[in-house]
Amino acid sequence: MTLSLLLLALGSQAQTARKFTLNLTDDGKAQMVCFLPTTPSGKAIVGVPGGGYSMLSNSHEGYLASDWLNQQGIAYFVVNYRLPDGDRTKPMGDVEQGIRTVRDSAAVWGINPRDVGIMGFSAGGHLASVISTHAEWDVRPDFSILFYPVISMDERVSHKWSCRNFLGEEGQKDPNLVRDFSTDKVVRRHLTPPAVIISASDDRLVPFVTNGLAYYQAMRQAGNECAMYVYPTGDHGFGFGPWFKYHDQLLTDLGNWLKTRQTPKTDAVRVACIGNSITDGHGIDMATAYGYPALLQKRLGDSYWVRNFGVSGRTMLNKGDMPYMKEQAWKDALAFSPDIVVIKLGTNDSKPQNWQYGNEFGQDLEQMILALRPDLAQKSKKSKKAKKPVTDVKPRIILCTPIPAIKSTWDISDAVITNNIIPIQQEIAAKYGLEVVDLHTLFNGGAELMLDDGIHPNGKGAERLAEIIAGNISK
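Remember, it's a predicted structure, so these values are computed and weren't measured experimentally.

> In this structure, what is going on with helix α15 (residues 361-372)? I would like to understand it.
Helical geometry note: an α-helix holds 3.6 residues per turn, so side chains three or four residues apart project in the same direction. Relative to the 16 Å expected for 12 residues at 1.5 Å per residue, α15 spans 17 Å between its end C-alpha atoms, a close match to the ideal helical length. Turning to α15, its buried residues number three or more, namely Phe-361, Gly-362, Asp-364, Leu-365, Glu-366, Met-368, Ile-369 and Leu-372. The inward-facing, buried residues of α15 abut β9 (269-275), α13 (328-335), β11 (340-344), α14 (352-355), β12 (396-400) and α16 (414-432).

Structure below.
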């Protein structure tokens, strides 16, 4: 018996309550080996071994992690995925099915379905990053652990055979395909899950600067949570091997990162913040921590789970230059199944090129409301207004008026906001019995709450927004 298998066997006896294997495909060509801890913490990790998309290195880049993870109370699932063989959807589909299976079985296995991460090594790190950036909400992981990951699909700056095996030789000739699956190019603000990157500075197989570091830079530039641990030596492929010189330090670093991650309670009230750059946190560094939705989370506490679905520059108008309802963030907000929705759109609609379609603002707002609350469809056929706001039907919709535009930067017009957009919002809210938060009035304080552009809140302004909206949610 090899050292790794011996350690696995001994560890499983000590820490693992159950070990079993599930088929992920009907033909059994893709399987998931499951390690459930004796004392579950609720956290789970889906492991994705490396191997250059030509084989699976599922010992030290797979099973060997089970004992340490189970000691932390973390359920662990190693996906032995099918190799691409010219079809990249095979490994992608297998890993997505693994995540789906874990979430579907969460209650039985003692797992919080919104605390399911992914951990990939080398080519498996690439696959983990693909799932993190490309997958739909229901199978997107909540966090990513990327060991010396292949990130770029440009074989000139990456691992050639991982690129060719994943995309195929023909795929390597398609610059759009290369870019789309070079995952540092497709990181999405607020939507790509938090990540930690683990590598060695002397990696000779997968160049760190053009791969792991590139992903870190993309995450950081997007304002997403990302950490990076780069050890002086270790080359490539050390995984969880005890022979790695910095093995103990690695476990300490990774363990601390996992412990400090905020995890929503399974019964937390879900709050979706929908909006434009003001919700997104334009101009606020690390908006994931300091934008108004993040500050709203701090004010509401851990009985709530606040998610930022803001996208800069977007309009309520479907004929606007950048309609919100055509964004991935809108799809994610719906899939989030929120209990409370805070809608803050309208500022960009006031621009002349957008407000030329202003007569459709009301119907587009109604479209969003009915997508969130199909039960309100009958009201759209009636002219009577609701007697009072409805707060006990999910999701509870809170409609916010735009904050004042104290400058006409980017041709944003406060006159259009005041005289046209807000009256339409109030009329639609009254029709459907929705709450209205008049931020245009309540968000007072003038320039001291704004960035120099006169449109976006600064840090103090974000605090003020969070204060107002938290007060409305809690009332």
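Back to the text.
> I keep staring at unusual backbone geometry and nothing clicks. Help me out?
One can expect most non-glycine residues to show negative phi and most peptide bonds to be in trans. Positioned with a positive phi, Ser-122 is a non-glycine residue whose angle comes to about 55 degrees. By the element assignment, Ser-122 lies in the loop between β5 (116-121) and α5 (123-134).

> When you look at the sheet that holds strand β10 (residues 304-310) in this model, what are you seeing that I'm missing?
Whether parallel or antiparallel, the strands of a sheet pair through hydrogen bonds between backbone atoms. Strand order in the open sheet formed by 5 strands is β10-β9-β11-β12-β13, and the pairing between neighbours is parallel. The open sheet has two edge strands with one neighbour each: β10 and β13 (435-437). Taking each pair of neighbouring strands and ignoring which way they run, the sheet shows an average axis angle of 20 degrees. Of the strand pairs in this sheet, β9 and β11 are connected by 5 bridges, and their pairing is parallel. Note that in β11 the partner of Gly-275 across the bridge is Lys-344.

> Quick question: what am I supposed to make of the pairing of strand β4 (residues 75-80) here?
Here is the key point about a regular strand: its side chains alternate between the two faces of the sheet. When you tally the buried positions in β4, you get 6 out of 6 residues, the bulk of the element. Covered by surrounding structure in β4 are Ala-75, Phe-77 and Val-79 together with Tyr-76, Val-78 and Asn-80, the residues of both alternating faces. Alignment of strand β2 (residues 31-37) against β4, held across 5 bridges, turns out to be antiparallel. Residue pairing for β4: Met-32 is matched across the bridge by Val-79. Looking at chain direction, strand β3 (residues 44-48) and β4 are connected through 4 bridges and run parallel. Along β4, the bridge assignment pairs Ala-44 with Ala-75. Taken together, β3, helix α2 (residues 66-71) and β4 constitute a β-α-β crossover, and its handedness is right-handed.

> Is there a simple way to explain the sheet that holds β3 in this structure?
Pairing is mixed across the open sheet formed by 8 strands, whose spatial order is β1-β2-β4-β3-β5-β6-β7-β8. Each end of this open sheet is capped by a strand with a single partner; those strands are β1 (16-23) and β8 (226-231). Neighbour-to-neighbour, the strand axes of this sheet turn through a mean angle of 15 degrees, independent of strand direction. Taken together, the 4 bridges between β5 and strand β6 (residues 144-147) define a ladder with parallel strand orientation. When the bridges of β6 are listed, Phe-121 appears paired with Phe-147.

> Looking at this structure, how should I read the pairing of β11?
In terms of burial, β11 is a largely internal element, 5 of the 5 residues being buried. Of the two faces of β11, both are covered, the one formed by Ile-340, Val-342 and Lys-344 as well as the one formed by Val-341 and Ile-343.

> Would you mind going over empty space enclosed by the protein with me for this structure?
Where empty space is left in the structure can be found by rolling a water-sized probe over the atoms. Scanning the model with the defined rule gives 1 cavity of 30 Å³ or more in all. Each pocket or cavity is described by its volume, and for the largest cavity that value is around 50 Å³. What lines the largest cavity is simply Ser-277, Ile-278, Gly-281, His-282, Ile-284, Gly-291, Tyr-292, His-456, Pro-457, Ala-462 and Leu-465. Contributions of two or more residues to the lining of the largest cavity are made by α10 (277-280) and α18 (459-474). Looking at the lining of the largest cavity residue by residue, the classes come out as 6 nonpolar, 5 polar and no charged.

> Whenever I open this one, the side chain of Ser-132 confuses me. Can you help?
Mapped onto the secondary structure, Ser-132 falls in helix α5. Note on Ser-132: relative accessible area 0%, which makes it buried. For Ser-132, the side chain forms a polar contact with the side chain of Ser-144, separated by 2.6 Å. The contacts of Ser-132, once residues within four sequence positions are left out, are Ile-118, Arg-140, Pro-141, Ser-144, Thr-192, Pro-193 and Tyr-215.

> Honestly, the nonpolar core in this entry has me stumped. Any pointers?
A general trend in soluble globular proteins is that nonpolar side chains are found buried together. Counting 49 residues, the largest nonpolar core has Phe-77, Val-102 and Ile-111 as its most contacted members. If one sorts the elements of this core by residue count, α5 sits on top with 5 residues. Residues Ile-274, Ile-397, Ala-405 and Ile-422 belong to the second largest nonpolar core, which totals 40 residues.

> Can you walk me through the state of the cysteines in this structure?
Note: disulfide means a covalent bond formed between the sulfur atoms of two cysteine side chains. Inspection of every chain in the model, using the stated rule, returns 0 disulfides. This cysteine, Cys-273, is not joined by any disulfide, and Cys-400 carries the nearest cysteine sulfur, 8.6 Å off.

> Even after reading the chapter, I still don't get the packing of helix α12 (residues 292-300) against α18, so can you show me in this structure?
At their nearest, the axes of α12 and α18 sit 8 Å apart, and the two run at 50 degrees to each other. Viewed along their axes, α12 and α18 adopt a mutual orientation that is oblique. Where α12 crosses over α18, the handedness of that crossing is right-handed. Residues Tyr-292, Leu-295, Leu-296, Arg-299 and Leu-300 of α12 pack against Ala-462, Glu-463, Leu-465, Ala-466, Glu-467, Ile-469, Ala-470, Ile-473 and Ser-474 of α18. For the contact of α12 with α18, the class distribution of residues is 10 nonpolar, 1 polar and 3 charged.

About the cut-offs
- Residues numbered from 1 in each chain as written.
- Predicted model: local features only at pLDDT ≥ 70, side-chain atom pairs only at ≥ 80, totals over all residues.
- Heavy atoms only, no water.
- Helix = DSSP H or I, 4+ residues; strand = E, 2+ residues; numbered from the N terminus.
- Expected span 1.5 Å × (residues − 1).
- Buried < 20%, exposed > 50% of the residue type's maximum accessible area, 1.4 Å probe, protein only.
- Contact = heavy atoms within 4.5 Å.
- Pairing = 2+ DSSP bridges.
- Axes fitted to C-alpha atoms, helices over the stretch in contact; angles between N-to-C directions.
- Right-handed = clockwise from strand over helix to strand, strands pointing away.
- 1 Å grid on protein atoms, 1.4 Å probe; cavity = no way out; pocket = protein on both sides within 12 Å on 5 of 7 lines; lining within 4 Å.
- Points joined across faces, edges and corners; volume = space filled by probe spheres on them.
- Nonpolar A, V, L, I, M, F, W, Y, C, P; charged D, E, K, R; others polar.
- Polar contact = N/O pair within 3.5 Å; in protein donor to acceptor, adjacent residues only side chain to side chain.
- Core = buried A, V, L, I, M, F, W, Y, C linked by side-chain atoms within 4.5 Å.
- Disulfide = S-S within 2.5 Å.
- Parallel < 35°, antiparallel > 145°, perpendicular 65-115°, else oblique.
- Left-handed = near helix turned anticlockwise from the far one by under 90°.

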